[in-house]
Structure formats: structure tokens, C-alpha cells
Amino acid sequence: MGKTAVCPGSFDPVTLGHLDIITRGAGVFDRVIVAVLNNRSKKPLFSVEERVALIRETTAHLPNVEVDSFDGLLIDYVKNKQANAIIKGLRAVSDFEYELQMASINRKLDEDVETFFMMTNNHYSYLSSSIVKELAKYEASVSDLVPAPVEEALLRKFRN
């Protein structure tokens, strides 16, 4: 069956930093499932369906990448997909502290699932979806932060 990894996140919206991690993960694993979290406690700019569609469009060139969505516990989703790994991107030490906690609890819940941390490319270490949304809201260019379809979607959202 090969090695399958899940790359989870809210991706609201997907950035070039996210795509860097997804692309690098696709080079390591046989199959990568980008899993968009439906977090009901947050008010996202894009619906889950919009986020899935944007990620599918921007990863279409990666044949071993699938895009899906989930709610509930990540470890349950990973087991349901018969994956054996989780990929998490790290920008800074502050990301590591939180992600280490999550990896530890996931390991406690299922010790057969490994978490792999990937350091972000230095070009994107400052980048977050929140920053992108803030810039786009004030009509600043985000063309070097997100793929073109995401930039277009942001423009449509904030024009309305």
C-alpha cells in the first residue's frame, strides 16, 4: 500500500508556505492527504468546500496528493484513511511547543502513527493565513504569498 501521510490544517486560505510543506511531503511519501479541518469554534473566511477546491486547484500538478476535509479528532481521521504518518509544518519555536503536545497526544492515542515535523522554507517563516487575510482586507498585494487562484478568491471575498 505504501506510506500515506495526512497533512492537516485549516488552510484559511492556503499559502505558499503550506504548498511548500505539501510539495515536500509529496516527495517523501507515496500518498499525501491534505485534510482541511472543519473547526466549528472558528469563523473562517472561506467555507470548507471553498478551501478544499482551492487546495485541489493549486496541488493539481502533484499526482500523489489528495484533498479532503474532516472534523473530530485528527488521529481518528488518520486511522480511517489507513495513513501511518502526520506531516506538520513548523515556522518557529512557538509552533514546535504546541505541535509537540499534539504529536504526543496522538502518539498516546495510536503509537503506530508517526508525526513528521518539516521546517518551513525560510522565505515563508513569517507567513500565516491570518497575515494574508489582513493584507488582502486592506487591498495590499498578496501575490508573492499565495497561489494566483487564492489571490483571486481573496479579492472576490473582500470586494463583496
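Residues numbered from 1 in each chain as written. Predicted model: local features only at pLDDT ≥ 70, side-chain atom pairs only at ≥ 80, totals over all residues. Heavy atoms only, no water.

Asks: Can you walk me through the sheet that holds strand 3 (residues 65-70) in this structure?
Replies: Within a beta sheet, neighbouring strands are joined by backbone hydrogen bonds and run either parallel or antiparallel to one another. Strand order in the open sheet formed by five strands is 3-2-1-4-5, with parallel pairing between adjacent strands. If you trace the sheet from one side to the other, it starts and ends with strand 3 and strand 5 (114-119), each paired once. On average, each strand axis in the sheet is inclined to that of its neighbour by 30°, with strand direction left out of account. Of the pairings in the sheet, the one linking strand 1 (residues 4-9) to strand 2 (residues 31-37) comprises six bridges and is parallel in character. Bridge pairing in strand 2 links P8 to A35. The strands that helix 1 (residues 16-28) touches are strand 1, strand 2, strand 3, strand 4 (85-90) and strand 5; relative to strand 5, the one it contacts most, it runs at about 125°. Across the sheet, helix 4 (residues 93-109) is in contact with strand 4 and strand 5; its angle to strand 5 comes to roughly 165°. (Pairing = 2+ DSSP bridges. Helix = DSSP H or I, 4+ residues; strand = E, 2+ residues; numbered from the N terminus. Axes fitted to C-alpha atoms, helices over the stretch in contact; angles between N-to-C directions. Contact = heavy atoms within 4.5 Å.)

Asks: When you look at unusual backbone geometry in this model, what are you seeing that I'm missing?
Replies: Glycine aside, negative phi is the norm for most residues, and most peptide bonds take the trans geometry. At the junction of D12 and P13, the peptide bond is cis and its omega measures out at 5° in the coordinates. One can find P13 in the loop between strand 1 and helix 1. The phi dihedral of E139 is positive, around 65°, even though this residue is not glycine. Counting through the fold element by element, E139 comes out in the loop between helix 5 (129-137) and helix 6 (148-159). Classification of E139 by relative accessible area gives exposed; the value is 71%. (Buried < 20%, exposed > 50% of the residue type's maximum accessible area, 1.4 Å probe, protein only.)

Asks: Help me understand the nonpolar core, please; the structure alone is not making it clear to me.
Replies: A general tendency of soluble globular proteins is for nonpolar side chains to be buried together. In this structure, F11, I22, V32, V34, I87 and L154 are the most contacted members of the largest nonpolar core, which totals 33 residues. When contributions to this core are tallied by element, the ones reaching two or more residues are strand 1, helix 1, strand 2, helix 2 (48-58), strand 3, strand 4, helix 5 and helix 6. In this structure, V32 is in contact with A5, C7, G25, A26, N64, V65, E66 and I87, ignoring residues within four places of it in sequence. Of all hydrophobic cores here, the second largest spans eleven residues; its members include A35, L74, I75 and A83. (Core = buried A, V, L, I, M, F, W, Y, C linked by side-chain atoms within 4.5 Å.)

Asks: Honestly, the layout of surface pockets in this entry has me stumped. Any pointers?
Replies: Unfilled space is identified by rolling a water-sized probe across the atoms. The computed volume of the largest pocket comes to approximately 1,300 Å³. Lining the largest pocket are 48 residues, and of these P8, G9, S10, K88 and E99 lie nearest its centre. Only strand 1, helix 1, helix 2, helix 3 (74-80), strand 4, helix 4 and helix 5 provide two or more residues apiece to the lining of the largest pocket. The element contributing the most residues to the lining of the largest pocket is helix 4, with nine residues. For the lining of the largest pocket, the per-class residue count stands at 21 nonpolar, 17 polar and ten charged. (1 Å grid on protein atoms, 1.4 Å probe; cavity = no way out; pocket = protein on both sides within 12 Å on 5 of 7 lines; lining within 4 Å. Points joined across faces, edges and corners; volume = space filled by probe spheres on them. Nonpolar A, V, L, I, M, F, W, Y, C, P; charged D, E, K, R; others polar.)

Asks: Would you mind showing me how to read helix 1 here?
Replies: Between its first and last C-alpha, helix 1 extends 19 Å over 13 residues, near the 18 Å set by a 1.5 Å rise per residue. Among the residues of helix 1, the N-terminal cap falls to T15, whose side-chain oxygen and the backbone nitrogen of G17 are separated by 3.2 Å. (Expected span 1.5 Å × (residues − 1). Polar contact = N/O pair within 3.5 Å; in protein donor to acceptor, adjacent residues only side chain to side chain.)

Asks: Teacher, can you tell me more about the pairing of strand 3 here?
Replies: As a general feature of sheets, a regular strand has side chains that alternate between the two faces. As paired elements, strand 2 and strand 3 share six bridges and run parallel to each other. When the bridges of strand 3 are listed, V34 appears paired with V67. One crossover worth recording links strand 2 to the parallel strand 3 by way of helix 2, and it is right-handed. (Right-handed = clockwise from strand over helix to strand, strands pointing away.)

Asks: Would you explain the pattern of salt bridges in this entry?
Replies: Side-chain pairs of opposite charge can arise whenever the charged atoms involved come near each other. Per the stated rule, a full pass over the model turns up nine salt bridges. Notably, a salt bridge pairs D20 with R24, separated by 2.8 Å at the nearest N-O pair. On the criterion of helical spacing, the pair formed by D20 and R24 is a turn pair, its members being four residues apart in helix 1. Using a relative accessible area of 13% as the deciding quantity, one classes D20 as buried. According to the relative accessible area criterion, R24 is partly exposed, its value standing at 31%. Put simply, K81 and D68 hold a salt bridge, and the shortest N to O gap is 3.3 Å. Taken as a pair, K81 in the loop between helix 3 and strand 4 and D68 in strand 3 lie far apart in primary sequence, 13 residues in all. (Salt bridge = Lys/Arg side-chain N within 4 Å of Asp/Glu carboxyl O.)

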